[in-house]
Amino acid sequence: MVVVSEFICVTERNHNGVTQQHSNRSSPPSPTMASAVTEPNLQRNLHLLSAEQVELAEMGQAHLFEHWAKPGVDDDEKKAFFDQVSRLNSSYPGGLASYIKTARELLADSKAGKNPFDGFTPSVPTGETLTFGDDSFMIFEETGVKEVRKAAFVLVAGGLGERLGYNGIKVALPRETTTGTGFLQHYIETILALQDASCKLAEGECQTKSPLVIMTSDDTHSRTVELLESNSYFGMEPNQVKLLKQEKVACLDDNDARLAVDPRNKYRIQTKPHGHGDVHSLLYSSGLLNEWRDAGLRWVLFFQDTNGLLFNAIPASLGVSATRQYHVNSLAVPRKAKEAIGGITRLTHADGRSMVINVEYNQLDPLLRATGFPDGDVNCETGYSPFPGNINQLILELGPYIEELTKTGGAIQEFVNPKYKDASKTSFKSSTRLECMMQDYPKTLPPSARVGFTVMEPWLAYAPVKNNPEDAAKVPKGNPYHSATSGEMLVYRANSLILRKAGVQVADPVQRVFNGQEIEVWPCVTWKPKWAVTFKEVKNKVSGSSSISQRSTLVIKGRNIFVKDLCLDGALVIDVADDKEVKVEGSIQNKGWILENVDYKDTSVPEELRIRGFRINKIEQLVKSEP
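Residues numbered from 1 in each chain as written. Predicted model: local features only at pLDDT ≥ 70, side-chain atom pairs only at ≥ 80, totals over all residues. Heavy atoms only, no water.

### Things to note about the side chain of E397
Part 1 of the argument: Residue position: E397 is located in strand β15 (residues 389-397).
Part 2 of the argument: Exposure remark for E397: the relative accessible area of 15% places this residue in the buried category.
Part 3 of the argument: Of note is the side chain of E397, whose polar atom sits 3.5 Å from the side chain of R298.
Part 4 of the argument: Excluding anything up to four places from it in sequence, E397 contacts R298, W299, Y326 and H327. (Helix = DSSP H or I, 4+ residues; strand = E, 2+ residues; numbered from the N terminus. Buried < 20%, exposed > 50% of the residue type's maximum accessible area, 1.4 Å probe, protein only. Polar contact = N/O pair within 3.5 Å; in protein donor to acceptor, adjacent residues only side chain to side chain. Contact = heavy atoms within 4.5 Å.)

What follows is the structure, encoded as structure tokens:
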């Protein structure tokens, strides 16, 4: 047992090497503890604190107490300060002492300009590149569906939509406005459809209920709960869903890792998000991983909050993981050389160490140039960089995942990115903090770990929504906008191309401009996941010679809907009960639905439409419905 000279936390290591902290809340501060505290303002206020809080009073952070009032003034605020310190201490692996120690090391490296990739040589890792609809894809997809009943899903959803120009939580944002289905609703409905499809392939009785974990934050937690509860969990059983709330971390004022006082309250430490890498420590500390292992689960699938196409890639990618026995499978898309998306790379150190990780695009090119590749990151004969683009979706095998987190306590390698005032690197423009990323999990894996990737065509699997209209309009022509406008249109494009592959004649798109973005407008085709969650299901429900005009809208909301010899020129909505079988055929023509431009600055229009730059005017449609 040792006394750490930072937050004077008494710590010890358990048999797994994970730091644990001990205290006795009920005991008053001992004379020894009190004598160890030398900061005058804190010394005067010691009577307010429990023993644990005194243990957390850090001597090297005396500046935190310089402006405290005398005893009897603001005592509740002082107690709240130590409550905050206790939360910061308990939520970080190893406590605040470990956080400050790591911060000082990383800040020293940053000031010295140390390159984290010194000694490493990049090369292209081993992975699987899939072509939608071919025999290999279909085999992997069916294998993946079988594996779903042994999978848990983890949604990283700690962010608000402010960056998009939307004040709600991002998962509440409509994925597309033809039906108004939000991202979270779509994700849950897809998991349920995959769950059902997997059980149908199971031999014997199947009672599987796929677990869903949602990582939230202070900003999103209550609103995520409200969204789920007010919509009856979108059809999922409430006990299938677990919310794990991410805590923020302390901000740092200087290279000595002095904790920053909140500029709005002298009795608070300023905090900022730690990054989505926290999902690993939260899962580890929650005990859920062991529960899943005991229940016979084998896979954990991680995905982010606003990619409306990501589940198109899940079944086949999971099939790749099972077939290739990957411990880690990163989902990827082809990337152009120097494109602003991280590249999945094998790094081999001079000492023999090796790892397969995401390397950010602005690090990959100089790393290649510095290690014997004078042209840096260049396109190969395929027209793309040999380093595939990381889209932050991971499939981890549960057993090795638990083993690794047991060694690390759930901690992920961190980084710091201070903004210095000048070249001396002695002071910051504003406070910084340590950060960690979900996709950096493989950095600590042993060389024996089987780490690979699965590349999908971008049109099928990648439509992130992360830029507001003004930023998207500034994107150079030909580059992806990654806006709510493009995100919705890419959903229609993907569905149109899937139907084309299944034999439907789908008209080519036209070019329109919304919110300053030139966009391809395909027929507005959308369906519920229960209609088809794999390409095989689409093929089984589409037959004959069907066609869809460019101006058409097709909405499929039932399970047993079969399209045969349909000629659609207008809007068609099929909304029938799951136990009803409906055949859709013949010629359907009406005035349809049209897209009308709206100005994103027009506050009379709802935010979720303003950020797209259009609204749908539902002029005329044919609705086929049976309860």
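### Points about the packing of aromatic side chains
Part 1 of the argument: Per the stated rule, a full pass over the model turns up 21 aromatic pairs.
Part 2 of the argument: On the numbers, 5.0 Å between centres and 65° between planes, the contact of F132 with F137 is edge-to-face.
Part 3 of the argument: Ring centres 6.2 Å apart and planes at 45° place the aromatic pair F183 and Y187 in the tilted group. With F183 and Y187 both in helix α7 (residues 183-201) and four residues apart, this pair spans about one turn of that helix.
Part 4 of the argument: Judged by relative accessible area, F183 falls into the buried class, the value being 2%.
Part 5 of the argument: Grouped by ring-pair contacts, the aromatic residues F65, W68, F81, F82 and Y267 constitute a single cluster.
Part 6 of the argument: One residue, K336, lies across the ring of Y384, its end atom 4.7 Å from the ring centre.
Part 7 of the argument: Residue placement shows K618 over the ring face of W593; its charged tip is 4.6 Å from the ring centre. (Phe/Tyr/Trp six-rings, centres within 6.5 Å; stacked < 30°, edge-to-face > 60°. Lys NZ or Arg CZ within 6 Å of the ring centre and 35° of its normal.)

### A short note on helix α9 (residues 278-286)
Part 1 of the argument: Among the residues of α9, those classed as buried are D278, V279, H280, S281, L282 and L283.
Part 2 of the argument: A positive backbone phi angle near 85° is found at G287, which sits one or two residues after α9.

### A few points about the pairing of strand β20 (residues 510-514)
Part 1 of the argument: Here β20 runs beside strand β21 (residues 517-521); their pairing, made up of five bridges, is antiparallel. Among the inter-strand pairings, V513 is bridged to a residue of β21, identified as E518.
Part 2 of the argument: A loop of two residues connects β20 with β21, the two strands running antiparallel in sequence, and N515 in this loop sits at a positive phi of about 50°. (Pairing = 2+ DSSP bridges.)

### Brief notes about the nonpolar core
Part 1 of the argument: One finds L499 and V538 to be the most contacted residues of the largest nonpolar core, which totals 106 residues.
Part 2 of the argument: It is α7 that provides the largest number of residues to this core, a total of nine residues.
Part 3 of the argument: Dropping the residues within four chain positions of it, V538 is found in contact with I498, L499, A502, W527, W531 and A532.
Part 4 of the argument: Counting residues in each nonpolar core, the second largest holds 34 residues, with L288, L297, V356 and L405 among its members. (Core = buried A, V, L, I, M, F, W, Y, C linked by side-chain atoms within 4.5 Å.)

### Description of the layout of surface pockets
To find leftover empty space, one rolls a probe the size of a water molecule over the atoms.
Part 1 of the argument: In this structure, the second largest pocket occupies an estimated 380 Å³ of space.
Part 2 of the argument: Along the walls of the second largest pocket sit 18 residues, with V145, A197, L201, T534 and E537 positioned nearest its centre.
Part 3 of the argument: Those elements that place two or more of their residues in the lining of the second largest pocket are α6 (135-148), α7 and α17 (535-541).
Part 4 of the argument: Looking at which element gives the most residues to the lining of the second largest pocket, the answer is α7, with five residues.
Part 5 of the argument: The residue makeup of the lining of the second largest pocket, split by class, is seven nonpolar, two polar and nine charged. (1 Å grid on protein atoms, 1.4 Å probe; cavity = no way out; pocket = protein on both sides within 12 Å on 5 of 7 lines; lining within 4 Å. Points joined across faces, edges and corners; volume = space filled by probe spheres on them. Nonpolar A, V, L, I, M, F, W, Y, C, P; charged D, E, K, R; others polar.)

### Here we look at the pattern of salt bridges
Part 1 of the argument: Evaluation of the coordinates by the stated rule reveals 27 salt bridges.
Part 2 of the argument: Note that D569 and R551 form a salt bridge whose closest N and O atoms lie 3.0 Å from each other. Of this pair, D569 sits in strand β26 (residues 560-569) while R551 sits in the loop between β24 (547-548) and β25 (553-556), and the two are 18 residues apart along the sequence. (Salt bridge = Lys/Arg side-chain N within 4 Å of Asp/Glu carboxyl O.)

### Topic: helix α8 (residues 221-230)
Part 1 of the argument: Of all the positions in α8, only T224, L227 and L228 are classed as buried. Down the axis of α8, the buried side of the element spans an arc of 95°, and every buried residue falls inside it. Structural note: α8 exposes S222, E226, E229 and S230 on the side pointing more than 90 degrees away from its buried face.
Part 2 of the argument: Elements that come into contact with the buried residues of α8 comprise α7, β7 (212-217) and β8 (241-246).
Part 3 of the argument: Positive phi shows up at S232, right after α8, with a value of about 50°. (Arc of directions from axis to C-beta.)

### Considerations on empty space enclosed by the protein
Part 1 of the argument: One pass over the full model with this rule turns up five cavities of 30 Å³ or more.
Part 2 of the argument: Estimated volume of the largest cavity: approximately 250 Å³.
Part 3 of the argument: Counted as a void, the second largest cavity has a volume near 90 Å³.
Part 4 of the argument: Around the second largest cavity sit 13 residues that line it, and E176, T181, T526, W527 and K528 are the ones nearest its centre.
Part 5 of the argument: When contributions to the lining of the second largest cavity are tallied by element, the ones reaching two or more residues are α7, β22 (524-527) and β25.
Part 6 of the argument: Of the residues assigned to the lining of the second largest cavity, the class counts are four nonpolar, four polar and five charged.

### So, unusual backbone geometry
Part 1 of the argument: Located in the positive-phi region is F234, a residue other than glycine, with phi close to 55°.
Part 2 of the argument: In this fold, F234 is placed in the loop between α8 and β8.
Part 3 of the argument: Overall, the relative accessible area of 13% leaves F234 in the buried class.
Part 4 of the argument: We note that N515 has phi near 50°; this positive angle belongs to a residue other than glycine.
Part 5 of the argument: Here N515 shows up in the loop between β20 and β21.
Part 6 of the argument: For N515, a relative accessible area of 11% translates into the label buried.

### Topic: the sheet that holds strand β27 (residues 571-576)
Part 1 of the argument: The four strands are arranged β22-β25-β27-β31 in an open sheet whose pairing can be described as parallel. Each end of this open sheet is capped by a strand with a single partner; those strands are β22 and β31 (622-626). In this sheet, neighbouring strand axes are inclined to one another by 5° on average, regardless of whether the strands run parallel or antiparallel.
Part 2 of the argument: Pairing between β22 and β25: four bridges, direction parallel. In the strand pairing of β25, V525 is matched with L554.
Part 3 of the argument: Most of the contacts of helix α16 (residues 484-501) go to β22, to which it runs at about 80°, and overall it touches β22 and β25. (Axes fitted to C-alpha atoms, helices over the stretch in contact; angles between N-to-C directions.)

### Concerning the packing of α6 against helix α11 (residues 314-324)
Part 1 of the argument: Where α6 meets α11, the closest approach of the two axes is 6 Å, and the angle between their N-to-C directions is 85°. For the element pair α6 / α11, the angle class is roughly perpendicular. When α6 is examined against α11, the residues F137, F140, E141, T143, G144, V145, E147 and V148 are found in contact with a partner set consisting of P315, A316, L318, G319, V320, A322, T323 and R324.
Part 2 of the argument: Taken together, the residues of the contact of α6 with α11 break down into nine nonpolar, four polar and three charged. (Parallel < 35°, antiparallel > 145°, perpendicular 65-115°, else oblique.)

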